[in-house]
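This is what each chain is made of:
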Amino acid sequence: MAFKSPWTGSTTLLVVCGDVPAHVSTVFIRYLLQGGRVLSVCSDFLNMAVPLFGTVEVQEQAVVTISYRRWSSVQLLHHQHCFHSSPQHKRFSRELENTKDTDIRSAVSVEPTHVEIVDEYGGRHRLDLKILATDDTWGAPSLLSARVHQGKGSAVFSQVHLERDPRECFTMAGITSKLSISNEARLEILRDLLSTELCLDTNMSTSATSYSPAYFLGRHELKQTLINKLRPHMEKQELRRSQLTIQFVTSGMTARQPDDDVLPLLMSACPLTFSTVKYFEALKTSAIGRLVIYCDVMTSSMKVTAGHPPLVHGIVVLPTQQTQGKGRSGNSWLSPLGCAMFTTQLHIALSSNLGQHLTFLQHLIAIAVVQAVREHPGYADIPIHLKWPNDIYVGTNIKIGGVIVEATTIGSEIIANVGCGVNLSNSNPTYCINDAVRQHNKEYKSSLCELDRETFLARVFNSIEELIETFQAKGPGAVQHIYYKYWLHSNATVTVQNEHRRTESAVIIGVDNYGFLEAQLVSGTIITLQPDGNSFNMMDGLIYSKLH
């Protein structure tokens, strides 16, 4: 996973335990140097990141006593390896017995304040060090902090098992009772390290998730047509999907309690938190968005559409909040209040233009989101842009949304479940569309109204349907110019690498008929680019192997 999953850009904290191979440590060090936060617990990663420490064996599974800030005489389980820079006990001198005095002086300091490390490209970096706690038995550094000099990266290295619950040590006679006495202090120290040294929010919410029933919105005949199609697959008004059971609740029925696995769908009721009048007045489509499953709090809208049998072309799932929102490459998508989210299921003929160029679908969805803002009268200058392949940006460096597509083929038809989330009215965790509207009003003395969710989503669905119809009738060339109108990459210079990892510069010139990037090398050769899969930012680490 260290190499295959684009984890670095979406990771808040990297926790490292146990033995780490050298080539994996290189990736972790890169993450630290680029501003990441690392908690290393009883791991030889310390020896790689802070190489002035030597490894010495101590008694395995020994209980040691440490003092840290306001916590004194805390008993914790020691790691079987001790990384030590200042020998105060005879046993720490064993590996240094045959070393010259001059070597000892250069390798060991009484309390190290910094260390210089070399990255994978030969660049030199300084880590500022601080010993936070030593154990009372050997004087070995039990807690150590490291910060990238003049950088944002920070790390905490622990040589005591802060992560071990005493109940996990039941096989060790006499140890469990010792550790249990200090268990509360162990948790408090861990929380303090996370908040003070790694600057993480450790406030814990004790409120349990309260899921909501969903509402089935749309014309009665459309709902009934879908129910009739699904009825052979239903049992007692329930449809079991691959990840969720949907209960179709008609008048007089008792709805089940919604939870992770069950979604009651109220057939005849209307929600108080979503204006159906405003939404359907703005909706101009013939199919997309005409049937709606709306829910205040659900696990993931993608769960509703996933599985067999397929639902119907154009149905949309609109959650206000999700507890398990799905992002690209297995990442989670946060869904605070104010985020506009949807999943739609599209049925596409395999033999059609879009069916033959399905990878372009994510671009059509992203274009539609931008058009929903910038083609609204008066909003053309709101700086909403596209970043290849499926991200929505404000300006050039603030991501506010993304698209995910999951597709399967059934006979001659492609069933595509398309998920999208966009920061509409939530300024956290980054920025939102209405922040950009307010900023525009301030700068240009204008009075544009902030966008409401119902109108915004209806306009997105209007654009999606129009773009798909255009693509199906005229092919990729009919929509590429629209993509270029809003994207960030025209004439951008990127670093690319071939299959032999040789790097060179190239200038982006567009996307091909399948939506992959095209660029021109200095030699004039036109190449097709794709991400290497190791970076959260798809524009990093681009590789090419296909030449035109």
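Placed above this text is the structure.
Per-chain numbering applies: the sequence of each chain, read as written, is numbered from 1 onward. Local features are withheld for residues below a pLDDT of 70 in this predicted model, meaning they are given only at 70 or higher, and side-chain atom pairs are given and counted only at 80 or more; totals for whole chains, interfaces and linings count all residues. Calculation of side-chain values draws on the structure's entire complement of heavy atoms; hydrogens and water are dropped beforehand.

Undergrad: I keep staring at the overall build of the protein chain and nothing clicks. Help me out?
TA: A run of H or I in DSSP becomes a helix once it reaches four residues, and a run of E becomes a strand once it reaches two; helices and strands are each numbered from the N terminus. In terms of helices and strands, the protein chain carries 13 helices and 27 strands. Within the span of the protein chain, comprising 548 residues, buried residues form 50% of the whole. By definition, residues are in contact when any of their heavy atoms lie within 4.5 Å. Nonlocal contacts in the protein chain, meaning residues at least 24 apart in sequence, comprise 59% of its contacts between residues at least 6 apart. Residue burial considers only the protein chains on display, and all accessible areas are found by Shrake-Rupley using a 1.4 Å probe. Taken as a whole, the protein chain presents about 26,100 Å² of accessible surface, with 50% of it coming from carbon and sulfur. Relative accessibility decides the category of a residue: with a 1.4 Å probe and only protein chains considered, values under 20% of the type maximum give buried, values over 50% give exposed, and everything between is partly exposed.

Undergrad: I keep staring at the packing of aromatic side chains and nothing clicks. Help me out?
TA: For any two aromatic rings, the description comes down to two numbers: the centre-to-centre distance and the angle of the planes. Geometry of aromatic contacts follows a simple scheme: Phe, Tyr and Trp rings, the Trp one being its six-membered ring, pair when their centres are within 6.5 Å, and the pair is stacked under 30 degrees between planes, edge-to-face over 60, tilted otherwise. For the coordinates displayed, the defined rule picks out 12 aromatic pairs. Consider the rings of Tyr 279 and Phe 280, whose centres lie 4.9 Å apart with planes at 80 degrees: the pair is edge-to-face. Aromatic ring contacts, followed pair by pair, group Phe 274, Tyr 279, Phe 280, Tyr 294, Phe 342 and Phe 461 into a single cluster.

Undergrad: Explain the packing of helix H10 (residues 361-374) against helix H13 (residues 477-486) to me, please; I cannot follow it from the model alone.
TA: For any two helices packed against each other, one specifies the inter-axial angle together with the distance between the axes. Every angle, taken between N-to-C directions, lies between 0 and 180 degrees, and every axis is a line fitted to C-alpha atoms, over only the stretch in contact when it is a helix. Running from N to C, H10 and H13 point in directions that differ by 60 degrees, and their axes come no closer than 10 Å. As far as their axial angle goes, H13 and H10 are oblique. As for the relative orientation of H10 and H13, their crossing is left-handed in sense. Contacts between H10 and H13 pair His 363, Leu 364, Ile 367, Val 370, Gln 371 and Arg 374 from the former with Val 479, Ile 482, Tyr 483 and Tyr 486 from the latter. Our angle categories are set so that under 35 degrees counts as roughly parallel, over 145 as roughly antiparallel, 65 to 115 as roughly perpendicular, and the remainder as oblique. Two helices cross in a left-handed way if the nearer one is turned anticlockwise from the farther one by less than a right angle. They cross in a right-handed way if the turn is clockwise.

Undergrad: Sorry if this is basic, but what is going on with the pairing of strand S14 (residues 245-249) here?
TA: Regular strands show a simple pattern: their side chains alternate between the two faces of the sheet. Within S14, five of the five residues are buried, leaving the element largely enclosed by the surrounding structure. Two strands qualify as a pair provided DSSP detects at least 2 bridges between them. Linkage of strand S13 (residues 238-240) to S14, two consecutive antiparallel strands, is achieved through a turn of four residues. When S14 meets strand S15 (residues 262-266), the two strands line up parallel, connected through five bridges. Counterpart to Thr 245 in the pairing with S15 is Val 262.

Undergrad: In this structure, what is going on with the side chain of Asp 192? I would like to understand it.
TA: Mapped onto the elements, Asp 192 comes out in helix H5 (residues 183-197). Among the polar contacts made by the side chain of Asp 192, one reaches the side chain of Arg 69 at a distance of 2.9 Å. In this structure, Asp 192 is in contact with Tyr 68, Arg 69, Trp 71 and Glu 197, ignoring residues within four places of it in sequence. Identification of polar contacts relies on pairs of N or O atoms within 3.5 Å, with a donor-acceptor requirement for protein atoms, meaning one able to donate a hydrogen and the other able to accept it, and with residues adjacent in sequence counted only if both atoms are side-chain atoms.

Undergrad: Quick question: what am I supposed to make of the packing of helix H12 (residues 453-474) against H13 here?
TA: Two elements in contact, H12 and H13, have axes separated by 7 Å at closest approach and are oriented at 135 degrees. Relative to H13, the element H12 lies oblique. For the pair H12 and H13, contact is made by Leu 467, Thr 470, Phe 471 and Lys 474 and by Ala 478, Val 479 and Ile 482, respectively. Within the contact of H12 with H13, the residues separate by chemical class into five nonpolar, one polar and one charged. Basically, the charged four are Asp, Glu, Lys and Arg, the nonpolar ten are Ala, Val, Leu, Ile, Met, Phe, Trp, Tyr, Cys and Pro, and anything else, Gly included, counts as polar.

Undergrad: Help me understand unusual backbone geometry in this model?
TA: It is generally the case that most residues other than glycine have a negative phi and that most peptide bonds are trans. With an omega dihedral of 0 degrees, the bond running from His 308 to Pro 309 counts as a cis peptide bond. Tracing the backbone through its elements, the reader meets Pro 309 in the loop between helix H8 (301-305) and strand S17 (316-322). Between Trp 388 and Pro 389 the backbone carries a cis peptide bond, its omega angle lying at 0 degrees. The residue Ser 73 is not glycine, and still its phi comes out positive at about 55 degrees. By the element assignment, Ser 73 lies in strand S5 (residues 71-77). A positive phi angle, close to 60 degrees, is found at Asn 491, a residue other than glycine. The residue Asn 491 is located in the loop between H13 and strand S23 (493-497) in this model.

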